[in-house]
Amino acid sequence: MTRQTNGRANRHGTKDLGQIVLVLQGGGALGAYQVGVYQALHEAGIEPDWVVGTSIGAINASIIAGNPPEERLPRLREFWRRMDRGPLAEFTHALPVVGPTFANWLTIGQGIESFFTPNPWAFASVHLPLGTESAGFYSTAPLERTLSDLVDFARIADNKPRLTVGAANVRTGEMRYFDSRDEAITAKHVMASGALPPAFPAVRIGDDLFWDGGILSNTPVEVVFDDNPRRNAVVFAVHIWNPRGVEPDTIWQVFNRHKDLQYSSRAVSHIARQRQIHRLRHVIAELTKQVPAAERASESVRELSAYGCLTRMHVVRLLAPPLEGEDHSKDMDFSPAGIRRRWDAGYSDTQRVLAQAPWTGEFDPLEGFILHEAAGGVMTHETPEVGEPVDAGTDRNEEIVHAADENWLSSAANYGARPLPRTEAVGSKKRHQPLSAA
């Protein structure tokens, strides 16, 4: 209780670092991990000023933005309770070895009552004209009713917090971010963000049809980096697809690894580029200070100096490690046990990161983008620059940092994450200088 009270008082050192942004990927049932992340932040007194999501991330984000803080967790629990697949799927899930996979396929066949239901005409023939807004193997009308029950869309218009959901324009192939700062967000916008073809039909917003934003960018953190005007921020980016992994040696493992790569959205290269861009902005701002005052007032110098910016973003990249026994159908694992395991993992992993508060300290003044990466709650080596090789594994003899259990080893190490030894993760001068207690 004392730790929670202290966390609420100082928000684990985030209070003076700018806005709090929560970015949520798409990934079906894997989205339960995101709710655990939010619960840990909520209990620490860290509420987001801006929530960004795609697909299931957009659904979770809308529930957070569309309710007062005290109602957010109860509404999230209710949404995930409604994802109950029914007794037959749960009976199948309990069968040894093949049970979980068969249960996930059963979900694909019968749907989820509060989320999506089969469209029999689509199953009759893939060539049957269904209409542009019905061309999917399922109907998502149940999801619209569920969102209407659990989200106050009028509240979202207050931008407390701001909500942004990403969707892909079917006709132009361009990413579109619907932002509560600029327009009214409705259930249709959230459904468009999660309209993954060919399962779910496209959703029309205005004159255009939209599909799941994950088709183009499943990690919508780019909208935060490109926001205008730019602001200082602590960005919690929750990655529920594993960007790193072991080399598969069976077709079953190939299916799983392929899906992880497809939906992790080239996050490593995107982050590396953003670090370069933000550093250049800081360099330009510093160089402008060296220009004589008389010349600095000229129109040409003012135009060039406008590319400079001294805002700083601490990006906390939370990687969800794989659960034992999961396969390529994991995003359809809406079993109560699967939801609970991922929710608990997100909660405990985030608590470990908050206990370490890696964003506190002194950093290079030229760095506008500071990455803090954690896999399964373990702080890891930073994502490399573009072109820098990533180690295939990690030394199991390294002293791994864990807030509660020194003998705990995250499964993150099994897919290429490189945990920091204690000397680097806590108080290392190579990373940053700790702030004084004052």
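This one's a predicted model, so the numbers in the text were calculated from it and none came from an experiment.

Turning our eyes to something else, we now look at the overall build of the protein chain. Per the secondary structure count, the protein chain includes 17 helices and twelve strands. Relative to its full complement of 438 residues, the protein chain shows a buried share of 52%. Taking as baseline every contact in the protein chain between residues at least 6 positions apart, the subset at least 24 positions apart corresponds to 73%. As presented, the protein chain carries roughly 20,400 Å² of accessible surface, and 55% of it is formed by carbon and sulfur atoms.

Secondary-structure assignment places Gln274 in helix H13 (residues 267–289). For Gln274, a relative accessible area of 12% corresponds to the buried category. Residues in contact with Gln274, not counting those within four places in the same chain, are Phe225, Asp226 and Phe369.

In this model helix H12 (residues 251–264) runs 20 Å from its N-terminal to its C-terminal C-alpha over 14 residues, within 8% of the 20 Å that 1.5 Å per residue would give. Within H12 the residues assigned to the buried category are Asn256, Arg257, Lys259, Asp260, Tyr263 and Ser264. Angular distribution of buried residues about the axis of H12 spans 155°; they occupy a single face of the element. Turned more than 90 degrees from where H12 packs its buried face, Ile251 and His258 sit exposed.

For the rest of this paragraph, the subject is the pattern of salt bridges. Going through the model one piece at a time under the given rule, you end up with 23 salt bridges. Two residues, Arg279 and Glu367, come together in a salt bridge whose shortest N-O distance is 2.6 Å. In this pair, Arg279 sits in helix H13 while Glu367 sits in the loop between helix H16 (336–356) and strand E11 (369–375), placing the two residues 88 residues apart along the sequence. We note a salt bridge from Asp333 to Arg342, for which the minimum N-O separation is 3.4 Å. A single burial state applies to Asp333 and to Arg342, both of which are buried. Salt bridges sharing partners connect three or more residues here, namely Arg257, Asp260, Glu326, Lys330, Asp333 and Arg342.

A word on the pairing of E11. With seven of seven residues buried, E11 lies mostly within the body of the structure. Residue alternation in E11 divides its side chains into two sets, Phe369, Leu371, Glu373 and Ala375 and Ile370, His372 and Ala374, and both sets are buried. Where strand E10 (residues 313–319) and E11 come together, seven bridges link them in parallel fashion. Residue pairing across strands places Val315 opposite Leu371, the latter belonging to E11.

All right, on to the confidence of the model for the protein chain then. On average, the protein chain scores 82 in pLDDT, and the residues at 70 or more come to 80%. Taken as a whole, residues 421–438 scores under 50 in pLDDT and shows 29 contacts with residues more than four places along the chain or in a different chain.

Moving on, we come to the nonpolar core. Residues Leu22, Ile59, Phe79, Trp80, Phe115, Leu147 and Phe236 are the most contacted members of the largest nonpolar core, which totals 71 residues. Among residues more than four places away in sequence, those in contact with Phe236 are Ile20, Val21, Leu22, Val23, Leu41, Ile46, Val316, Leu318 and Trp359. Judged by nonpolar contacts, the second largest core, of 17 residues, contains Val224, Phe225, Ala233 and Val235.

Among the structural elements, His314 can be located in strand E10. Each residue touching His314, except ones within four places of it in the same chain, is listed here: Leu17, Ala233, Val234, Val235, Trp359, Phe363, Ile370 and His372.

Right, let's talk about a nonpolar patch on the surface for a bit. On the surface, Ile251, Trp252, Val254 and Phe255 cluster together to form a nonpolar patch covering roughly 400 Å² of accessible area. Of note, Val254 is situated in helix H12. The exposure class of Val254 is partly exposed, given its relative accessible area of 36%.

For strand E1 (residues 19–24), the tally of buried residues reaches six of six residues, placing the bulk of the element in the interior. Neither face of E1 is open: one carries Gln19, Val21 and Val23, the other Ile20, Leu22 and Leu24, and all of them are buried. Pairing between E1 and strand E9 (residues 233–239): six bridges, direction parallel. Each bridged residue has a counterpart across the sheet, and for Leu24 the counterpart in E9 is Val238. Of the strand pairs in this sheet, E1 and strand E2 (residues 50–53) are connected by four bridges, and their pairing is parallel. Directly across from Leu24, in E2, lies its bridge partner Gly53. For the crossover from E1 across helix H2 (residues 32–43) to E2, the handedness is right-handed.

Basis of the calculations
All chains use their own residue numbering, which begins from 1 and follows the written sequence. Residues qualify for local features only when their pLDDT is at least 70, as the model is predicted, and side-chain atom pairs are given and counted only at 80 or more; totals for whole chains, interfaces and linings, by contrast, use all residues. By convention in this description, side-chain values take in all heavy atoms of the structure and omit both hydrogens and water. In this text, helices come from DSSP runs of H or I with a minimum length of four residues, and strands from runs of E with a minimum of two, each type numbered from the N-terminal end. Summary of the burial criterion: residues with accessible area below 20% of their type's maximum are buried, those above 50% are exposed, and those between are partly exposed, where the area comes from a 1.4 Å probe applied to protein chains only. The contact definition used throughout considers only heavy atoms, calling two residues in contact when any of these lie within 4.5 Å. Only the protein chains shown count as cover for residues, and all accessible areas are computed by the Shrake-Rupley method using a 1.4 Å probe. Working rule for helices: expected span equals 1.5 Å times residues minus one. Directions are taken from the helix axis to each C-beta atom, and the arc is the one they span. Between Lys or Arg on one side and Asp or Glu on the other, a salt bridge is scored when a side-chain nitrogen of the former is within 4 Å of a carboxyl oxygen of the latter. Pairing between strands is defined by DSSP: at least two bridges between them are needed. How sure the predictor is of each residue is captured by pLDDT, a score from 0 to 100. In plain words, nonpolar cores are sets of buried Ala, Val, Leu, Ile, Met, Phe, Trp, Tyr and Cys residues tied together by side-chain atoms within 4.5 Å. Note on patches: the residues involved have over 30% relative accessible area and no salt bridge, like charges join within 9 Å, and the nonpolar side chains Val, Leu, Ile, Met, Phe, Trp and Tyr join within 5 Å. Look down the strands so they point away from you; if the path from the first strand over the helix to the second goes clockwise, the crossover is right-handed.

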